[in-house]
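# What the coordinates show
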Amino acid sequence: MQKIRNIAVIAHVDHGKTTLVDGLLKQSGTYGSHEQVNERAMDSNALEKERGITILSKNTAVRYGEHKINIIDTPGHADFGGEVERVLKMVDGALILVDAYEGVMPQTKFVVKKMLALGIKPIVVINKIDKPSADPERVVDEVFDLFVAMDATEDQLDFPIVYAAARDGIAKMDMSEPDGDFKCLFDTILNKVPEPTGDAGNSTQLQVFTLDYDNYVGKIGIARIFNGKIAKGDNILLAKADGEMVKGKISKLIGFLGLNRMEIQEAEAGDIVAVAGIETVDVGDTICDPQNPMPLDPMHIEEPTLTVVFSVNDSPLAGQEGKHVTANKIRERLDAEMNTNVAMRYETVGEGKFIVSGRGELQITILAENMRREGFEFGIGRPEVIVKEIEGVKCEPFEHLVVDLPADNAGTIIERLGRRKAEMKAMVPMGEGFTRVEFEIPARGLIGFRGQFLTDTKGEGVMNHSFLEFRPYTGNVESRQYGALISMEDGVALAYSLFNLQDRGVLFTAPQTKVYKGMIIGEHSRSNDLDVNPIKGKAQSNVRSSGADEAIKLVPPRDMNLERALEWIEDDELLEVTPLTIRIRKRWLDPSDRKRYGAKK
C-alpha cells in the first residue's frame, strides 16, 4: 500500500495559493537541479500568467520522504466556485490560505462553508506575514470566528496554524520563532491530514472531478480512486448521473508528479489519476467494476447565474481581421469548451446566435478572450442574470459583496450601491485609512458597477463578491447614467474632429481608427445618446489667417478592454470582438431603426 495524502489548497483570489504550491514543489526536491522553472508554474494558461489568477483547478504530486502528497491548486475567484466544491470531495485535508493583512474575504467564506460541510479538517496557513501592514493575530481570530459562525465541529475548530511567506519559501509554527523552510508545513500535512480511506481489495470505484481534452486520446477524466485498483487496458463500466451504464475500456492511465504527467500501468485506492478512452465521461461519473458495479453519489454542479448572447459579427467591418467568422466555427468552438467546462452551457437560438450561460462575467470574458486569441470574430450582447421561478415566485440571484475602500469614499459608494438595491450588512475600519463594507445585492446591480467603483475610489478600492442564493425579484435596478457618442458616418476618425468632440464626453477612439455608422466612439457627458461626425476634416481655403494652425491637443482615449466594455454596454448595444480590436456599437446601426425600436420598447 502506498503512503498517500490528498490535499487541496483553497483561498480567496490573490492570497498566494499557486505561489505556495510552487514552494512545496521546489522544497520537496521534485524538480531536478538542472530544471529551470517559472514563477507560479501551475498557472499554465497564457491568460492565467497575464492576470496572475488561477482559472482551472490543477493537480500535481510531490514526494516527501516515503510519502506521495497529491496537491490540487484551486481557483480563488467566485466565478469558479463550482470547481472548488468538486475538488473538496476528492481530498482528505485542505490548506486554507489567508492573507495576513486582508484576512477573511468572501471567497474564503464560500470555500470554508463547503469544506466544513464535508467534514474536512483544515490546516490554516497565514500567508504574506512579511507584509509591512500584516496583522497575523487579528487574522487568526477572524478565521476562528468564521469557523464558529459556520458551525464547525470541535475537531475542526482545533486547527493547526502555520505562518508563512510563500514567495520567499518561509514557514514557521509560531510568530516568535526564527524563519524556517517548509519542513514544518510538510510535517503538519503528514501528521494532521488523515490517510485516504478505501481498500485496494474492494471493487473498483473512481469518481471523476475534472475534465481535460487531448487531440490524440480525446476526453480525459481526472479522478480519485476511492476503492480497488485500476490498470491500463481494464474493461470498466461508467455510471452516469442519470443512472445510465456505459461499457468502456481504459486506453491510457496517467499519473502525476511535479509538472509532469507520465503513463503508468496501474494505480490503487487513495491515488489521483487521469484516465482516457471513455468518450462519454463527465464530471461526477463513477468508473466501476463491470462484475460488481457500485456507483458513488453523483455531484451537485452549481447552476449558472448569467447569460450572454454570442452572435456572428454582422458589422460593416466584419471578416477583415478574424480567421473564423461563421456560425459553424463558433458552434464548434463552444462545443469544445463544453467538453471540459462543466460550469458553462450553451444553446442555439435563431440564425448564428448562441446563448452562453456561466457563473459570472469573468468566466464569460475569459471564454471570449480565449476565442479572440484563437482568431475568432463575433458579437457579444450585454450580460443578463438568469431569473427563475421557485414555488411560483419570480427569483433572481443575489451576491455577497465586500468592498475595501478609502474611508473618505465610503459615503459615495454606499449611496451608489443603495440605488442598485444593495443592502448594507456590516462596516469595519481596516486601519491605514481604509474601511471594509459588506452588502447583499442582486447580481443585476453588479453588472456595470466595477468601472464606476474604480472611478469613485480613484483606483484604490477593491471589490469582491460571491454567490449567495436565489431570492424574490427586486424590481428595476439603476444602470449606466451616461449616454453614448455615436458615429453618423463611415470612414477614418480624424484628430481635427475628435478635438472638437472631446468637450462632449470621454472618447474611446484614437485618430486614424476606422469607424462606421452606428459605432460608439465615446461616452456622452449627459444621459442621452448623441450622433456625431468623427471623420470631418478641416475645411481648406487659400487665404492665410493668423492662428489657424494651433496645435491640436487630444486627451488620450479611454482604453476599453473586453471586461470594461462588456460592463459598460446597455441592452441596445453590442461588442464587436475581433483578434485585433474591440469595438462597441449599437445593435441597430441606422438612426431611424434605433428610433423605431426605442418607440416599441
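Residues numbered from 1 in each chain as written. Predicted model: local features only at pLDDT ≥ 70, side-chain atom pairs only at ≥ 80, totals over all residues. Heavy atoms only, no water.

## Observations regarding the overall build of the protein chain
Scanning the protein chain for helices and strands turns up 15 helices and 35 strands. Relative to the globule expectation of 25 Å for 601 residues, the C-alpha radius of gyration of the protein chain, 27 Å, shows essentially globular dimensions. Taking the principal axes of its C-alpha atoms as reference, the protein chain extends roughly 95 × 60 × 55 Å. Within the protein chain, the fraction of its 601 residues that count as buried is 53%. Within the protein chain, counting contacts between residues at least 6 apart in sequence, those at least 24 apart form 71% of the total. (Helix = DSSP H or I, 4+ residues; strand = E, 2+ residues; numbered from the N terminus. Rg over C-alpha atoms; globule rule 2.2 N^0.38 Å. Buried < 20%, exposed > 50% of the residue type's maximum accessible area, 1.4 Å probe, protein only. Contact = heavy atoms within 4.5 Å.)

## Quick notes on the pattern of salt bridges
Under the defined criterion, the tally for this structure stands at 38 salt bridges. Of the charged contacts in the structure, one is a salt bridge between Glu 374 and Arg 333, with a shortest N-O distance of 2.6 Å. Placement of Glu 374 in the loop between α9 (361–373) and β21 (378–380) and of Arg 333 in helix α8 (residues 327–340) is noted, with a sequence separation of 41 residues between them. Given the relative accessible area of 35%, Glu 374 is considered partly exposed. Owing to a relative accessible area of 12%, Arg 333 belongs among the buried residues under this scheme. (Salt bridge = Lys/Arg side-chain N within 4 Å of Asp/Glu carboxyl O.)

## Examining unusual backbone geometry
The backbone of Lys 128 shows a phi angle near 65°, a positive value even though the residue is not glycine. In this fold, Lys 128 is placed in the loop between β5 (121–127) and α5 (136–149). The backbone phi angle of Lys 421 is positive, close to 70°, even though this residue is not glycine. The topology assignment puts Lys 421 in the loop between α10 (410–419) and β25 (423–431).

## Notes on a nonpolar patch on the surface
Together, Tyr 496, Phe 499, Ile 552 and Leu 554 make up a nonpolar patch on the protein surface, roughly 290 Å² of accessible area in all. Tracing the sequence through the fold places Leu 554 in the loop between β33 (530–532) and α14 (562–568). (Patch = residues over 30% accessible without salt bridge, like charges linked within 9 Å, V, L, I, M, F, W, Y side chains within 5 Å. Areas by Shrake-Rupley, 256 points an atom, 1.4 Å probe, with all protein chains shown as cover.)

## As for the pairing of strand β8 (residues 205–214)
Among the 10 residues that make up β8, seven are buried, leaving the element largely enclosed by the rest of the structure. Where β8 and strand β9 (residues 218–227) come together, nine bridges link them in antiparallel fashion. Across the sheet, residue Leu 211 finds its bridge partner in β9, namely Gly 221. Counted along the chain from β8 to the antiparallel partner β9, the turn is three residues long. Across three bridges, β8 lies against strand β17 (residues 286–288) in antiparallel orientation. Paired with Gln 207 across the bridge in β17 is Thr 286. (Pairing = 2+ DSSP bridges.)

## Remarks on the sheet that holds strand β14 (residues 260–263)
The eight strands are arranged β12-β11-β17-β8-β9-β16-β13-β14 in an open sheet whose pairing can be described as antiparallel. Since the sheet does not close on itself, it has two edges, and those belong to β12 (245–249) and β14, each with one partner. The mean inter-strand angle of the sheet, taken between neighbouring strand axes irrespective of direction, is 35°. Summarising the sheet, strand β11 (residues 235–239) and β12 pair through five bridges and their orientation is antiparallel. (Axes fitted to C-alpha atoms, helices over the stretch in contact; angles between N-to-C directions.)

## Examining the side chain of Ser 487
Along the chain, Ser 487 falls in strand β28 (residues 484–487). Reaching out from Ser 487, the side chain makes a polar contact with the backbone oxygen of Glu 489 at a distance of 2.8 Å. (Polar contact = N/O pair within 3.5 Å; in protein donor to acceptor, adjacent residues only side chain to side chain.)

## Regarding α9
Here α9 contains 13 residues, and its C-alpha end-to-end distance of 18 Å stays within 8% of the 18 Å for a straight helix at 1.5 Å per residue. When α9 is considered as a whole, its buried residues turn out to be Glu 361, Leu 362, Gln 363, Ile 364, Thr 365, Ile 366, Leu 367, Ala 368, Glu 369, Asn 370, Met 371 and Arg 372. Gly 375 occupies a position one or two residues after α9 and carries a positive phi of about 95°. (Expected span 1.5 Å × (residues − 1).)

## Section: α8
Taking 1.5 Å per residue, 14 residues should reach 20 Å; α8 reaches 21 Å between its end C-alpha atoms and fits that length. Among the residues of α8, those classed as buried are Ala 327, Ile 330, Arg 333, Leu 334, Glu 337 and Met 338. With its buried residues spanning 140° around the axis, α8 presents them on a single face. On the buried face of α8, the contacting elements are β18 (306–312), β19 (345–348), β20 (353–358), α9 and β21. (Arc of directions from axis to C-beta.)

## Overview of the packing of α10 against helix α12 (residues 449–456)
Taken N-terminus to C-terminus, the directions of α10 and α12 make an angle of 160°; their axes are 10 Å apart at the nearest point. Considering their axes alone, α10 and α12 lie roughly antiparallel with respect to each other. Relative to α12, the crossing made by α10 is right-handed. Facing α10, whose interface residues are Thr 412, Ile 413, Arg 416 and Leu 417, α12 presents Phe 449, Gln 452, Phe 453 and Asp 456. (Parallel < 35°, antiparallel > 145°, perpendicular 65-115°, else oblique. Left-handed = near helix turned anticlockwise from the far one by under 90°.)

## Digging into the nonpolar core
In terms of nonpolar packing, the biggest core is built from 63 residues, with Ile 10, Leu 88, Met 115, Ile 126, Phe 147, Ile 230 and Ile 287 touching the most fellow members. Apart from the residues within four sequence positions on either side, Ile 287 is in contact with Thr 204, Gln 205, Leu 206, Val 208, Ile 230, Ile 236, Leu 237, Leu 238, Val 275 and Ile 278. One finds Ala 327, Ala 443, Phe 508 and Ile 584 within the second-largest nonpolar core, a separate group that totals 35 residues. (Core = buried A, V, L, I, M, F, W, Y, C linked by side-chain atoms within 4.5 Å.)

## A short note on the environment of Ala 152
As for its position among the elements, Ala 152 is in the loop between α5 and α6 (154–157). Since its relative accessible area comes to 16%, Ala 152 is described here as buried. Note: C-alpha distance between Ala 152 and Met 115 (37 residues apart in sequence) is 9.7 Å. In this view, Ala 152 contacts Leu 116, Phe 147 and Leu 157; residues no more than four positions away in its chain are not counted.

## Some points on the packing of α8 against α9
Each packed pair of helices is defined by two parameters, the angle between the axes and the distance between the axes. Contact pair α8 / α9: the axes reach a minimum separation of 12 Å and the direction vectors enclose 125°. By the angle between their directions, the pair α8 and α9 is classed as oblique. Helix-helix and strand crossings are classified by hand; for α8 and α9 the assignment is right-handed. Between α8 and α9, the residues in contact are Ile 330, Arg 333, Leu 334 and Glu 337 and Leu 367, Asn 370 and Met 371, respectively. Here the residues of the contact of α8 with α9 sort into four nonpolar, one polar and two charged. (Nonpolar A, V, L, I, M, F, W, Y, C, P; charged D, E, K, R; others polar.)

## Quick word on the confidence of the model for the protein chain
For the protein chain, mean pLDDT is 81; residues scoring 70 or higher make up 90% of the total. The model gives residues 32–37 a pLDDT under 50, and that stretch makes three contacts with residues more than four places away or in other chains. Counting contacts from residues 39–44, a segment whose pLDDT is below 50, to residues more than four positions away or on other chains yields 29 contacts. (pLDDT = per-residue confidence, 0-100.)

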